[in-house]
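Topology and contacts: notes
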Amino acid sequence: MSQRVLTTESGAPVADNQNSATAGVGGPLLLQDQHLLEKLARFNRERIPERVVHARGSGAYGHFEVTDDVTAYTHAAFLCEIGKRTEVFARFSTVADNLGGADAVRDPRGFALKFYTEEGNYDLVGNNTPVFFIKDPLKFPDFIHSQKRDPFTGKQEPDNVWDFWAHAPEATHQVTWLMGDRGIPASYRHMNGYGSHTYQWTNAAGDAFFVKYHFKTNQGIRCLSTEQAQELAGKDPNSHQTDLLQAIERGVHPSWTLYAQIMPAADAAEYRFNPFDLTKVWPHRDYPLQRVGRLVLDRNPDNVFAEVEQAAFSPNNFVPGIGPSADKMLQGRLFAYADAHRYRLGVNHTQLAVNAPRATTADNYGRDGLMAANSQGRYAKNYEPNSYDGPAETGRPLAAPLPVTGHTGTHAAPQHTKDDDFYQAGELYRLMSEEEKRRLVANIAGGLAQVSRDDVIEKNLAHFHAADPEYGRRVREAVEALRED
């Protein structure tokens, strides 16, 4: 087999890739050495802005297979037939740290899926927890600023972390999750995934249902203690990436079983919890888990940058039969995620291989912009309607309409009968074993005791006491013991 020829980006053969062109032997470099300039210019531009959140991530390809009939609830084509398989790309990530951060840290994990369906790509963006810290997207930039590096010290500050939580009592439920045993998964394979938000399914008759997604790991839940995580992060900062990559390479394909909680739309108004509040769960006794299918990951990306870093997941990518709900955090993310990708990757990021539809073809009037590759020929029009057989609207909505009423304004979320910020956090605490409670209290106290302001500590202690008096007492005692040392 003949040797392949090294070329420039324009395809011209490269004569010498070891020595730059100079003005004589040992002389200064020449501006005319376009091969050198091209290499250096490309090298300078190899990195793109990292994600503000979920920067540190890993990904894999696989498939989703339907195992149970859910056509009574949705007419989404990829869910319409038992045994039907759809190609999927998954991305897992930590949330708060930078791209170079360690994997084994106490942090929520992103759990994002792109289903390449015949009706377009469906993106499901969730976490490894069923709830989140806040319920309104207006607070999201402030929340993330409090959790990331301080602009003066350049590092995460307990004062900032706990001060925000002190002023956000709705975070108590998620803080209890995060500081508990599941706060540090042993690997991406050994954690559950949740859609977290409430979504809408619509069946062929037009009936609407609200749903929550639960991906239960078939490998079993495995987590790390704080001490184990600190040791592992020091030995292998890439521990989760290493585990996922090596497992798939040796043929051990991780899988998850998808279950859905399904609520008839008519139930939402009178349910005791606001079903659109991201800080709340729906107890399984109210809406039991119904099995839907199985997710399997069986192929690693060939290029992490092209396929993991440039993967763009946007919860506004719906398909017929699936749509949004009145979940305020979801509504905010419908804009924010897509806009983040337009900033990071450019307006044509949907044409990249990992983001482009695979089971159908995108056909619209979007043109031009940075890195445009969709001219569509000299006779294709870039306006609609037209008389030239261009793509036309279907007139069929993706999902059922959401009812609206009342006056515009900056309203707080409506209160349902059990809608306080502490009840579900207390329920979670009371579900824990004594050993789980002990570790939870120790994890919280370890961070809270580092806070410099007594009033911030007291505000947080009040939240835990409101969730459960024993919970609050034990955290107080642990914090006081650490501060006396």
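Look a little higher up for the structure.
Residues numbered from 1 in each chain as written. Predicted model: local features only at pLDDT ≥ 70, side-chain atom pairs only at ≥ 80, totals over all residues. Heavy atoms only, no water.

Here we take up the overall build of the protein. The number of helices and strands found in the protein is 12 helices and 10 strands. Against the compact-globule benchmark of 23 Å for 485 residues, the protein has a radius of gyration of 25 Å, which places it among compact chains. Over its C-alpha atoms, taken along the principal directions, the protein stretches across nearly 80 × 65 × 50 Å. Working note: accessible area of the protein is about 24,700 Å², and carbon and sulfur atoms make up 53% of it. Positive and negative side-chain charges of the protein, numbering 51 and 62 respectively, have mean locations separated by a distance of 2 Å. (Helix = DSSP H or I, 4+ residues; strand = E, 2+ residues; numbered from the N terminus. Rg over C-alpha atoms; globule rule 2.2 N^0.38 Å. Areas by Shrake-Rupley, 256 points an atom, 1.4 Å probe, with all protein chains shown as cover. Lys, Arg positive; Asp, Glu negative; His and termini not counted. Charge placed at Lys NZ, Arg CZ, Asp CG, Glu CD.)

The next subject is helix 6 (residues 239-249). Within helix 6, the full set of buried residues consists of Ser239, His240, Leu244, Ala247 and Ile248. An end-on view of helix 6 places all buried positions within 150° of arc, on one side of the element. (Buried < 20%, exposed > 50% of the residue type's maximum accessible area, 1.4 Å probe, protein only. Arc of directions from axis to C-beta.)

The next subject is the pattern of salt bridges. Tallying each qualifying case throughout the model produces 36 salt bridges. In this structure, the salt-bridge partner of Lys135 is Asp421, at a minimum N-O distance of 3.4 Å. With Lys135 in the loop between strand 4 (120-127) and helix 2 (140-147) and Asp421 in the loop between helix 8 (328-345) and helix 9 (423-431), this residue pair connects regions lying 286 residues apart in the sequence. Classification of Lys135 by relative accessible area gives partly exposed; the value is 22%. In this structure Asp421 comes out as partly exposed when scored by relative accessible area, which is 22%. Each of Lys135, Asp277, Lys280 and Asp421 takes part in one network of salt bridges that share partners. (Salt bridge = Lys/Arg side-chain N within 4 Å of Asp/Glu carboxyl O.)

Turning our eyes to something else, we now look at the packing of aromatic side chains. The tally for this structure, following the rule as stated, stands at 31 aromatic pairs. An angle of 35° between the planes, with centres 6.0 Å apart, marks the rings of Phe273 and Tyr423 as tilted. Residue Phe273 is found in the loop between strand 8 (255-264) and strand 9 (290-299), and its partner Tyr423 is found in helix 9; the two are separated by 150 residues along the sequence. Looking at Phe273, the relative accessible area reads 1%, which means it is buried. On the basis of relative accessible area, Tyr423 is assigned to the partly exposed category, the value being 24%. In this structure an aromatic cluster arises from ring pairing among Phe132, Phe133, Phe140, Phe143, Trp162, Phe164, Trp165, Tyr429, Phe464 and Tyr471. Taking the ring centre of Phe132 as reference, the NZ or CZ of Arg333 above it sits at 4.9 Å. Against the face of Tyr388 rests Lys381, its NZ or CZ located 4.5 Å from the ring centre. (Phe/Tyr/Trp six-rings, centres within 6.5 Å; stacked < 30°, edge-to-face > 60°. Lys NZ or Arg CZ within 6 Å of the ring centre and 35° of its normal.)

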